Amino acid sequence: MKLVQKGNKQLRIADDQLANYLARGFNEVDQKTGKIIAKEPADELKALKKENAALKKANKELTEQLEQLKAGQ
């Protein structure tokens, strides 16, 4: 069993659920000391959101170019 915390809410979860809770913003906490052991991978999520926005912009531009090429034929 693992102990996770988000804000002032602590939950005891199964070991195999740890990754799911970390992805949802919880931190793993040491049961004896109360110190944080593992934090959420926030940097990875921010990077993925930034990449997603860039890909959407590029997709929109390419779609517009395609429409212009179709209209020209």
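The rules behind these values
- Residue positions are counted from 1 within each chain, in the order its sequence is given.
- Local features in a predicted model are, by the rule used here, given only for residues with pLDDT of at least 70; side-chain atom pairs are given and counted only at 80 or more, and totals for whole chains, interfaces and linings are based on all residues.
- Neither water nor hydrogens contribute to the side-chain values; these are computed over all heavy atoms in the structure.
- Helical segments are the DSSP runs of H or I of at least four residues, strand segments are the runs of E of at least two, and each set is numbered from the N terminus.
- Radius of gyration means the value over C-alpha atoms here, while the globule rule gives 2.2 Å times the residue count to the 0.38 power.
- Working definition: with a 1.4 Å probe on protein chains only, accessible area under 20% of the residue-type maximum means buried, over 50% means exposed, and in between means partly exposed.
- The contact definition used throughout considers only heavy atoms, calling two residues in contact when any of these lie within 4.5 Å.
- Using the Shrake-Rupley algorithm and a 1.4 Å probe, accessible areas are obtained, with residue cover drawn only from the displayed protein chains.
- Residues scored as charged are limited to Lys and Arg (positive) and Asp and Glu (negative), so that His and the chain ends carry no count.
- Each charge is placed at NZ for Lys, CZ for Arg, CG for Asp and CD for Glu.
- For two strands to be treated as a pair, DSSP must find no fewer than two bridges joining them.
- With axes taken as lines fitted to C-alpha atoms, and helix axes fitted only over the stretch in contact, angles between N-to-C directions fall between 0 and 180 degrees.
- Per-residue confidence from the prediction method is given by pLDDT, with values spanning 0 to 100.
- Here, nonpolar core means buried Ala, Val, Leu, Ile, Met, Phe, Trp, Tyr and Cys residues that are tied together by side-chain atoms lying within 4.5 Å of each other.
- Here a pair means two rings of Phe, Tyr or Trp (six-membered ring of Trp) with centres within 6.5 Å. Their orientation is stacked below 30 degrees between planes, edge-to-face above 60, and tilted elsewhere.
- Distance and angle both matter: a charge sits over a ring if NZ of Lys or CZ of Arg is within 6 Å of the ring centre and within 35 degrees of the ring normal.

Here we take up the overall build of the protein chain. Secondary structure assignment for the protein chain yields two helices and four strands. Along the chain direction, N to C, the helices and strands of the protein chain fall in the order β-β-α-β-β-α. Taking 2.2 N^0.38 as the reference for a compact globule, 73 residues should give roughly 11 Å; the C-alpha atoms of the protein chain span a radius of gyration of 21 Å, well beyond that estimate. A burial count over the protein chain gives 15% of its 73 residues as buried. Long-range contacts, defined here as pairs at least 24 residues apart, represent 17% of the contacts in the protein chain between residues at least 6 apart. Looking at the protein chain as shown, the accessible area adds up to about 6300 Å², and 51% of this sits on carbon and sulfur atoms. Computed over 15 positive and 11 negative side-chain charges, the inter-centroid distance for the protein chain is 6 Å.

Here the focus is the sheet that holds strand E4 (residues 36-38). Strand order in this open sheet of four strands is E2-E1-E3-E4, and the pairing throughout is antiparallel. If you trace the sheet from one side to the other, it starts and ends with strand E2 (9-13) and E4, each paired once. Direction aside, the axes of adjacent strands within the sheet are offset by 45° on average. Of the strand pairs in this sheet, strand E1 (residues 2-6) and E2 are connected by five bridges, and their pairing is antiparallel. By the bridge assignment for E2, Leu-3 is matched with Arg-12.

In this section: the confidence of the model for the protein chain. The predicted coordinates ought not to be read in detail in places where the model reports low pLDDT. Across the protein chain, pLDDT averages 89, with 96% of residues at or above 70. Looking at the elements of the protein chain, mean pLDDT is at its lowest for E4, recorded as 85, and at its highest for E2, recorded as 93.

Core analysis: the biggest nonpolar cluster contains six residues, these being Val-4, Ile-13, Leu-18, Tyr-21, Leu-22 and Phe-26. Of the residues forming this core, the biggest block, three residues, is contributed by helix H1 (residues 18-23).

Bringing the packing of aromatic side chains into the picture now. With the rule as written, the count across this model stands at one aromatic pair. Aromatic pair Tyr-21 and Phe-26: ring centres 5.2 Å apart, planes at 75°, arrangement edge-to-face. Taken individually, Tyr-21 and Phe-26 each receive the classification buried, so the pair is uniform in this respect. Positioned over the ring face of Tyr-21 is Arg-24, at 4.3 Å from the centre of the ring.

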